[in-house]
Amino acid sequence: MRRTLLLSFALATAGALALSGQTPGPGDLVHEPRVAVPMRDGVTLIADVWRPSREGRFPTLVYRTPYGRGRDLTEDSIFRKALARGYAVVSQDVRGRYDSGGEFNPYFQERHDGYDTIEWAARQPWSTGEIGTFGLSYPGAVQWLAAIEQPPHLKAMAPAMTFSTPRNFIYSGGLFDGSWIAWAWFNISPDARVRKNLEGPRTRKEAATAWDATRDRMQRTLPLSAMAELRDTAPWYYQWLSHPPEDAWWDAIDLRDKYDRVTAAVLNLSGWHDETYGPEGATTNFTGLIAARRADADPRTRLVMGPWVHGIPGPEDTKAGDRDFGPTSVIDYDELVLRWMDRYVRGIDNGVEGEPRVRAFVMGANRWREASAWPLPGTETQTLYLASAAREGQPGTLAPTPPAQPGGRSAFVSNPADPVTDPHEANTGPHDYAALAHRPDVLVWETAPLDRDLEAVGHITATIHLSCDAPDTDLWVKLYDVGPDGRALNLMSPGLDVLRASAREPGTRQLLDPGRVYALELRNLITGNAFTRGHRVRVLLSATFFPHFSRNLQTGLRETAESGETRRATITIHHDAEHPSRIVLPVMGQRP
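Described below are features of the structure shown in this document.

Conventions used here
- Think of each chain on its own: its residues are numbered from 1, step by step along the sequence as written.
- A pLDDT threshold of at least 70 governs which residues receive local features in this predicted model, and a stricter bar of 80 or more applies before side-chain atom pairs are shown or counted, although totals over entire chains, interfaces and linings include all residues.
- Each side-chain value is worked out from all heavy atoms of the structure, with water and hydrogens disregarded.
- Secondary structure elements are taken from DSSP: a helix is a run of H or I of four residues or more, a strand is a run of E of two residues or more, and numbering for both begins at the N terminus.
- Put simply, the radius of gyration uses C-alpha atoms, and a globule should come to 2.2 Å times the residue count raised to 0.38.
- A simple rule labels every residue: compare its accessible area, found with a 1.4 Å probe on the protein chains alone, to the largest value its type can have, and call it buried under 20%, exposed over 50%, or partly exposed in between.
- In what follows, a contact means two residues having at least one pair of non-hydrogen atoms within 4.5 Å.
- Method for areas: the Shrake-Rupley scheme with a 1.4 Å probe, in which residue coverage is limited to the protein chains shown.
- The charge count includes Lys and Arg as positive and Asp and Glu as negative, but it does not include His or the ends of the chains.
- A charged residue contributes its charge at one atom only: NZ of Lys, CZ of Arg, CG of Asp or CD of Glu.
- Only buried residues count toward a nonpolar core. Its members are Ala, Val, Leu, Ile, Met, Phe, Trp, Tyr and Cys residues joined through side-chain atoms within 4.5 Å.
- Multiply 1.5 Å by the residue count of a helix minus one, and that product is the helix's expected span.
- Bending is quantified residue by residue as the angle between axes fitted to the seven-residue window ending at that residue and the seven-residue window starting at it.
- Note on definitions: salt bridges are taken to be side-chain nitrogens of Lys or Arg within 4 Å of carboxyl oxygens of Asp or Glu.
- Should DSSP find at least two bridges between two strands, the strands are regarded as paired.
- Here the term right-handed applies to a crossover when the path leading from its first strand over the helix to its second strand runs clockwise, the strands being oriented away from the viewer.
- Whenever two N or O atoms come within 3.5 Å, that pair is a polar contact, provided that in protein one can donate a hydrogen and the other can accept it, and provided that, for residues adjacent in sequence, both atoms are side-chain atoms.
- Axis definition: a line fit to C-alpha positions, over the contact stretch in the case of helices; interaxial angles, taken between N-to-C directions, run 0 to 180 degrees.
- Should an angle fall under 35 degrees it is called roughly parallel, over 145 degrees roughly antiparallel, and 65 to 115 degrees roughly perpendicular, with every other angle called oblique.
- When residues are grouped by polarity, Ala, Val, Leu, Ile, Met, Phe, Trp, Tyr, Cys and Pro land in nonpolar, Asp, Glu, Lys and Arg in charged, and all others, Gly among them, in polar.

For the rest of this paragraph, the subject is the overall build of the protein. Regarding its fold elements, the protein presents eight helices and 26 strands. For 592 residues, the compact-globule estimate of 2.2 N^0.38 gives 25 Å, and the C-alpha radius of gyration of the protein, at 24 Å, lies within 12% of that figure. Its C-alpha atoms give the protein principal-axis dimensions of about 80 × 55 × 40 Å. The proportion of buried residues among the 592 residues of the protein is 60%. Long-range pairs, those at least 24 residues apart, make up 76% of the contacts in the protein with a sequence separation of at least 6. Per element, the accessible surface of the protein, about 21,700 Å² overall, is 48% carbon and sulfur. Positive and negative side-chain charges of the protein, numbering 65 and 73 respectively, have mean locations separated by a distance of 1 Å.

Let's shift gears to the nonpolar core. Counting 64 residues, the largest nonpolar core has Tyr107, Ile170, Phe176, Trp180, Leu230, Trp236 and Tyr237 as its most contacted members. Once you skip the residues sitting within four places of it in the chain, isoleucine 170 turns out to touch Leu175, Phe176, Asp177, Trp180, Trp240, Trp250 and Ile253. Residues Leu338, Tyr344, Ala371 and Trp374 belong to the second largest nonpolar core, which totals 53 residues.

Between the first and last C-alpha of helix H4 (residues 179-196) there are 24 Å, a value that for 18 residues agrees with the 26 Å anticipated at 1.5 Å per step. The largest bend in H4 comes to about 50 degrees, at isoleucine 188, with the proline proline 190 one to four residues further on. Burial runs high along H4: 13 of the 18 residues are buried. Asparagine 197 occupies a position one or two residues after H4 and carries a positive phi of about 55 degrees.

With that out of the way, let us pick up the pattern of salt bridges. A side chain with one charge can pair with a side chain of the opposite charge if their charged atoms come near. Across all of its chains, the model carries 39 salt bridges by this definition. The residue arginine 34 makes a salt bridge to aspartate 99 at a minimum N-O spacing of 2.9 Å. Of this pair, arginine 34 sits in strand E1 (residues 29-38) while aspartate 99 sits in the loop between strand E4 (88-93) and helix H2 (110-123); the two residues are 65 residues apart in sequence, bridging distant segments of the chain. Given the relative accessible area of 52%, arginine 34 is considered exposed. Overall, aspartate 99 belongs to the partly exposed group, its relative accessible area being 37%. A salt bridge links glutamate 559 to arginine 500, with the nearest nitrogen and oxygen atoms 3.0 Å apart. Of this pair, glutamate 559 sits in the loop between strand E24 (536-542) and strand E25 (569-574) while arginine 500 is found in strand E22 (residues 498-500), placing the two residues 59 residues apart along the sequence. The structure contains a network of salt bridges with shared partners spanning Arg34, Asp48, Arg69, Asp93 and Asp99.

Once that is clear, we can look at the pairing of strand E9 (residues 265-271). Most of E9 is tucked away, with seven of its seven residues classed as buried. Alternating residues of E9 divide into Ala265, Leu267, Leu269 and Gly271 and Val266, Asn268 and Ser270, and every residue in both groups is buried. Examined bridge by bridge, strand E6 (residues 154-160) and E9 share three bridges and lie parallel to one another. From the neighbouring strand, alanine 160 faces E9, where its bridge partner is leucine 269. Crossover handedness for the path E9 to helix H7 (residues 280-292) to strand E10 (residues 301-306): right-handed.

Moving on: the environment of phenylalanine 546. Here phenylalanine 546 lies in the loop between E24 and E25. In this structure, phenylalanine 546 is in contact with Gln219, Arg220, Pro419, Val420, Thr421, Asp422 and Arg551, ignoring residues within four places of it in sequence.

Bringing the environment of glutamate 425 into the picture now. Here glutamate 425 shows up in the loop between strand E17 (409-414) and strand E18 (443-446). Residues glutamate 425 and arginine 504, spaced 79 residues apart in sequence, show a C-alpha to C-alpha distance of 27 Å. Those residues in contact with glutamate 425 that lie beyond four places of it in its chain are Arg215, Gln219, Pro547 and His548. Of note is the side chain of glutamate 425, whose polar atom sits 2.5 Å from the side chain of arginine 215.

Now for the packing of H2 against helix H3 (residues 138-147). Two numbers describe how H2 lies on H3: the axes approach to 8 Å, and their chain directions differ by 85 degrees. The orientation of H2 with respect to H3, classified from their angle, is roughly perpendicular. In this structure, H2 contributes Glu110, Arg111, Gly114, Tyr115 and Ile118 to the contact, and H3 contributes Tyr138, Val142, Leu145 and Ala146. Partitioning the contact of H2 with H3 into residue classes produces six nonpolar, one polar and two charged.

Looking now at unusual backbone geometry. In the segment running from tryptophan 374 into proline 375, the intervening peptide bond is cis, with an omega of 0 degrees. Note that proline 375 resides in the loop between strand E14 (367-371) and strand E15 (380-386). The omega torsion of the bond from phenylalanine 546 to proline 547 falls at 5 degrees, within 30 degrees of zero and hence cis. Along the chain, proline 547 turns up in the loop between E24 and E25. We note that tyrosine 98 has phi near 50 degrees; this positive angle belongs to a residue other than glycine. Mapped onto the fold, tyrosine 98 is located in the loop between E4 and H2. Residue tyrosine 98 is classed as partly exposed on the basis of its relative accessible area, which comes to 30%.

Looking now at the sheet that holds strand E2 (residues 44-52). Within the open sheet, the 10 strands sit side by side as E1-E2-E4-E3-E5-E6-E9-E10-E13-E14. Their pairing is mixed. Of all strands in the sheet, those with a lone pairing partner are E1 and E14, marking the two edges. Direction aside, neighbouring strands of the sheet carry axes that sit 15 degrees apart on average. Here E2 runs beside E4; their pairing, made up of four bridges, is antiparallel. Across the sheet, residue valine 49 finds its bridge partner in E4, namely valine 90. Most of the contacts of helix H1 (residues 77-84) go to E4, to which it runs at about 145 degrees, and overall it touches E1, E2, strand E3 (58-65), E4 and strand E5 (127-136).

As a further point, take the side chain of asparagine 490. Among the secondary structure elements, asparagine 490 is positioned in strand E21 (residues 488-490). For asparagine 490, the side chain forms a polar contact with the main-chain oxygen of glycine 429, separated by 3.3 Å. In terms of polar contacts, asparagine 490 uses its side chain to reach the backbone carbonyl oxygen of methionine 492, at 3.4 Å. Setting aside residues no more than four positions away along its own chain, asparagine 490 makes contact with His273, Gly429, Pro430, His431, Tyr433, Leu479 and Tyr480.

This part covers H1. With six of its eight residues buried, H1 lies for the most part within the structure. Contact partners of the buried residues in H1: E1, E2, E3, E4, E5 and helix H8 (333-344). Just downstream of H1 lies glycine 86, where phi reads positive at about 100 degrees.

Note that all results are geometric; they support no functional claim without further evidence.
Rendered as structure tokens:
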């Protein structure tokens, strides 16, 4: 079963543990429940502590979660294995969640709280003072936010499937991430209602039942701030909406300028189809650390990129969505993390530092590439141009030679009130999106069938020349692997493949002059895929992809808090000698 981060990695009772395949006797472990951990501002957070019962001090692993520190033991074997290996484990509810005091303010609270928890653990009489942290999703983010505060006893961390910047996570490409509604509704609001004695769903099961009646209204409300269902349980959501992505307010939780502050060894892991954070966080954090530690013989950081959705696959999980990647795609996550901790927390010479710094799985070829750096050494570029006009239901040509004639253009009409919607919204991972090509509000370009394999691993860049008769719009650039059977499989989850036209210059907001042609560049379409012989590369352009991200009103006003009025817009894609719209693929090996 896939272990998602909607569940906590915490422990429950000693009688349920199985160390090395055996249930320990009552004296094998010490369990200290509901341990008070004081924060610098007087708030008390609650943790459970597990440790071997023998006398002595133990290297200590800290896990911090908003999902409930004792919710799911049976799937979380890493805790049992850590204890069997001789670690003490601290599992803590973050501030404002379950048994911990204070108010929950996602991400912004975790810098100081994480530091204080790590240093508290280092001072305990059962700890050697050597601390590691682990976890994925939000429990991965808390590790980074603590690490930039430089806790002196933090030796190693393993943040999986997490972020580098709120500008590519809470917002992405200038658009607000619509998945925060469901995240708050299912994961945060039930406990908040219990804590505040509010009416409404108080368990995840009750929230799921109520979701069916509230989902469409919550997702479609404009402006976003007019949606009232989270106001009492997630006030931070509305605060986020009041701060656009270019606001310096977000700098406090942006990691990208803070890698030189991090002293711990860092194991980065993510998946091409991670629908929550995407692969940008892991790749950006890895390259940022490499740059900050360029003078070190061992930069003490690694990158592992797999074909997964959000969560670590179990040993039987070879599929993601509709693709089966075979047994080579499986990793032993527990062993990967614990070997990292053994090396950099305990100082065991186990050879980790001599292993490849990068492992990237290539979908389609279904094999791993190992390398010393990211981007992968030996990567070349293959440029594919939008070479001919595309019309409704008729793809244009995607070709390796730039268009030579002037005047090439294709157009579609975008209506935010009737957006392009994801037919596979409820099922993450790769699926067949062939039907989208027949919508009137998208344009499609694709290659001829390939005469040899084309292996693309890394950051794909799209440069699209666009004009619009409205002051703003969004541009989605979606990449598909089209098989001989016509199936069009997506190669990444939504988020990195979109750019708001007014956010084309990072850190600023500049509306469009209607009719003027702009070059919009998307730099972070990240994947690892082999387009095999006989397949086609397809690019689909649209202005909406709902409900994953907010809809551009196309009026020039913001949909987050300013207005709910939408307008239609005609969007023209220019693809001629003067405006060579194109995608650039990072190609491994021989090109077709």
